[in-house]
Amino acid sequence: MARRKRRSRGSSSIGLIIATVCLAVLSLGIVGGYGWLRYKASANVAVDQASLCPVGGPKSETAILLDVTDPISDTTALDLRNQFQKIVADVPVGGAIDIYALTAKEGELIQTFHGCNPGSGANVDEWTSNPRLAQARWEKGFQKPLADIAGKLSVGEAGKLSPIMAAIQKINLEVFASAAPGMPKHLYIASDMLEHTDVFSNYRDGASYQKFQASPARDKYRTSLDGVMVRIFAFQRPNTKFSMEDLGGFWAQWVKNNNGYFDGFVRLEGIR
């Protein structure tokens, strides 16, 4: 009988321990679930209604310089639209994108878009947000304006000058100079990359970086591209005095000498 009583007390102790463990696990589950919902709610940060950027500032900066001062072929425009869509798709939620059009006037750009990717309906949690409203906001404020710009890439008018370096300098000062330390920064340039100003011209001076270094353009267009990744999408023009490879090398050297990271010289299809 004594053995049976000890066995009974042991069973009661084991049952109490199991019940205590289950209660602890349940409590942790409730606390964890509550914490997860709070985390998801905090992830849906407030945004500025005009730009759709987080009120605390964007998470990344992407700038695009479009040089359509001269017309491009339909083939080139199609290739560029495809590249453009990839760039936009890579902008993270909360990341800013600024699009500028080059003009023939030095340092004067036309800003055609400024805003942040607010995330589509697929990016929000249905427990803490409204996916339908998020999708509508994304389409109206981000996707549609950028699609409209992409649809007009083949339209251009011949310009007397092509001050590409001055444009990069302007964008760097307006967009990247005020970015938070460590923020990802990307600059994409779509152009024939034929710099043409009074102080330096690829038409006149070729793709010689030595000639550029000896010109007033070296100091006039100097800009600090610290931390900026630069990728070029180049339009092909016929009858130049140098190869596209030489032109790509010229710009790679210019970017590096201005402390930027050269991310490639992509030769777009088509020629005009």
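Residues numbered from 1 in each chain as written. Predicted model: local features only at pLDDT ≥ 70, side-chain atom pairs only at ≥ 80, totals over all residues. Heavy atoms only, no water.

1. Section: the nonpolar core
Within soluble globular proteins, side chains that are nonpolar tend to cluster in buried spots. To keep things clear, this is the line we draw: What is meant by a nonpolar core is a set of buried Ala, Val, Leu, Ile, Met, Phe, Trp, Tyr and Cys residues, joined one to another through side-chain atoms within 4.5 Å. Relative accessibility under 20% of the residue-type maximum defines a buried residue, over 50% an exposed one, and the middle range a partly exposed one, all with a 1.4 Å probe and only protein chains included. Helix and strand definitions follow DSSP, with helices as H or I runs of at least four residues and strands as E runs of at least two, each counted in order from the N terminus. The contact definition used throughout considers only heavy atoms, calling two residues in contact when any of these lie within 4.5 Å.
In terms of nonpolar packing, the biggest core is built from 35 residues, with Leu65, Ile168, Ile171, Leu187, Trp251 and Trp254 touching the most fellow members. For this core, the elements supplying multiple residues, two or more each, are strand 1 (61–66), strand 2 (96–102), helix 4 (164–176), strand 4 (185–191), helix 6 (209–213), strand 5 (228–234) and helix 8 (244–257). Ranked by the residues each element gives to this core, the list is headed by helix 4, at eight residues. Residues contacting Ile171, with those up to four places away along its chain left out, are Ala63, Leu65, Tyr100, Leu109, Phe176 and Leu187. Counting 17 residues, the second largest nonpolar core, distinct from the first, contains Ile64, Ile72, Val91 and Phe113.

2. Looking at empty space enclosed by the protein
Empty space among the atoms becomes visible once a probe the size of a water molecule is rolled across them. For the record, the criterion: Using only the protein atoms, space was sampled on a 1 Å grid; points where a 1.4 Å probe fits but cannot get out form cavities, open sets with protein on both sides within 12 Å along at least five of seven lines form pockets, and lining residues are those with an atom within 4 Å of a point. Grid points are joined across faces, edges and corners, and a volume is the space filled by probe spheres set on the points. For this scheme, ten residues count as nonpolar: Ala, Val, Leu, Ile, Met, Phe, Trp, Tyr, Cys and Pro. Four count as charged, namely Asp, Glu, Lys and Arg, and the remainder, Gly too, count as polar.
One pass over the full model with this rule turns up one cavity of 30 Å³ or more. Estimates place the volume of the largest cavity at around 40 Å³. Asp192, Leu194, Phe235, Arg237, Thr240, Phe242, Ser243, Met244 and Leu247 together form the lining of the largest cavity. When grouped by side-chain class, the residues that make up the lining of the largest cavity number five nonpolar, two polar and two charged.

3. As for helix 2 (residues 74–90)
Quick reminder of the rule: In a helix, the anticipated span is given by 1.5 Å times the number of residues less one.
Taking 1.5 Å as the rise per residue, helix 2 with 17 residues should run 24 Å; its terminal C-alpha atoms sit 25 Å apart, in good agreement. Among all positions of helix 2, only Thr76, Ala77, Asp79, Leu80, Gln83, Phe84, Ile87 and Val88 are buried.

4. Re helix 4
The first and last C-alpha atoms of helix 4 sit 17 Å apart over 13 residues, in line with the 18 Å expected at 1.5 Å per residue. A large share of helix 4 lies buried, amounting to ten of its 13 residues. Turning to helix 4, its buried residues are Ile164, Met165, Ala166, Ala167, Ile168, Gln169, Ile171, Asn172, Val175 and Phe176.

5. Some remarks on unusual backbone geometry
Phi at Met193 takes a positive value of approximately 60°, unusual for a residue other than glycine. Mapped onto the elements, Met193 comes out in the loop between strand 4 and helix 5 (202–205). Met193 gets classed as buried once you look at its relative accessible area, which sits at 0%. For Asn259, which is not glycine, the phi torsion reads 70° and is therefore positive. Within the element layout of this structure, Asn259 appears in the loop between helix 8 and strand 6 (261–267).

6. Re the pattern of salt bridges
The condition is simple: When a carboxyl oxygen of Asp or Glu lies within 4 Å of a side-chain nitrogen of Lys or Arg, that pair is called a salt bridge.
All told, the structure shown has eight salt bridges when counted by the stated rule. Between Lys105 and Glu108 there is a salt bridge; the shortest N-O distance is 3.6 Å. Judged by its relative accessible area of 38%, Glu108 is partly exposed. Close ionic contact of Arg237 with Asp192 constitutes a salt bridge, the shortest N to O distance being 3.2 Å. With Arg237 in the loop between strand 5 and helix 8 and Asp192 in the loop between strand 4 and helix 5, the pair connects residues that are 45 residues apart, well separated along the chain. There is no split in this pair, since Arg237 and Asp192 are both buried.

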